[in-house]
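What follows is the residue order along each chain.
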Amino acid sequence: TPLSSSTNNTADNPSTMTPHQRQEALTQCLLSQYRFCAGGVVLGGGYSIARAKNVRVGPWPMLGGGFAGTLGDFIYGYFVECA
């Protein structure tokens, strides 16, 4: 019946997921947690290259961008991606 097929849907009811399905869901969630960190490092690297003509800035903009991006990944993952 349509009612019984909708209640057995594992995507809607995580408590009925098999261990393999839980592992897949966790893997997808964890792999999505790199976007902001990578973006911050790229932006920090671009800033370092743009400022290299005037001032020697070193790796600090890339490290700061990576740190800020990692915080963004945690916040986004907690509230949106893995909620």
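In this text, all values refer to a predicted model and were calculated from it rather than measured experimentally.

Q: Any chance you could explain the overall build of the protein here in plain terms?
A: Looking only at helices and strands, one finds 4 helices and 0 strands in the protein. In sequence order, the protein lays out its α and β elements as α-α-α-α. By residue count, 16% of the 83 residues in the protein fall in the buried class. Accessible surface computed for the protein: about 6,500 Å², of which carbon and sulfur atoms make up 67%.

Q: Explain the side chain of aspartate 73 here, please?
A: With respect to the helices and strands, the residue aspartate 73 is situated in helix 4 (residues 60–81). Residues within four places of aspartate 73 in sequence aside, it is in contact with Gln33, Tyr34, Arg35, Phe36 and Cys37.

Q: In this structure, what is going on with helix 3 (residues 35–51)? I would like to understand it.
A: For an α-helix, 3.6 residues make a turn, and residues three or four places apart therefore share a direction. If you check helix 3, its first and last C-alpha atoms are 24 Å apart, about what 17 residues at 1.5 Å a residue would give, namely 24 Å. All buried positions along helix 3 are accounted for by Gly40, Gly44, Gly45 and Ser48. The arc enclosing the buried residues of helix 3, seen along the axis, measures out at 135°, which places them on a common side. In helix 3, the exposed positions that point more than 90 degrees away from the buried face belong to Val42, Leu43, Ile49 and Ala50. On the buried face of helix 3, the contacting elements are helix 4.

Q: Is there a simple way to explain the packing of aromatic side chains in this structure?
A: Ring pairs (aromatic) are described by centroid distance and by the angle formed between their planes. Counted according to the given criterion, the structure contains 1 aromatic pair. On the basis of an interplanar angle of 80° and a centroid distance of 5.6 Å, the ring pair of phenylalanine 36 and tyrosine 76 is categorised as edge-to-face. Of the two residues, phenylalanine 36 sits in helix 3 while tyrosine 76 sits in helix 4, which places them 40 residues apart along the sequence.

Q: Looking at this model, I keep getting lost on the side chain of serine 48. Mind explaining?
A: Mapping serine 48 onto the fold places it in helix 3. For serine 48, a relative accessible area of 11% puts it in the buried group. For serine 48, the residues in contact, after removing those within four places along its chain, are Val57, Gly58, Pro61 and Met62.

Rules used throughout
- Residues numbered from 1 in each chain as written.
- Predicted model: local features only at pLDDT ≥ 70, side-chain atom pairs only at ≥ 80, totals over all residues.
- Heavy atoms only, no water.
- Helix = DSSP H or I, 4+ residues; strand = E, 2+ residues; numbered from the N terminus.
- Buried < 20%, exposed > 50% of the residue type's maximum accessible area, 1.4 Å probe, protein only.
- Areas by Shrake-Rupley, 256 points an atom, 1.4 Å probe, with all protein chains shown as cover.
- Contact = heavy atoms within 4.5 Å.
- Expected span 1.5 Å × (residues − 1).
- Arc of directions from axis to C-beta.
- Phe/Tyr/Trp six-rings, centres within 6.5 Å; stacked < 30°, edge-to-face > 60°.

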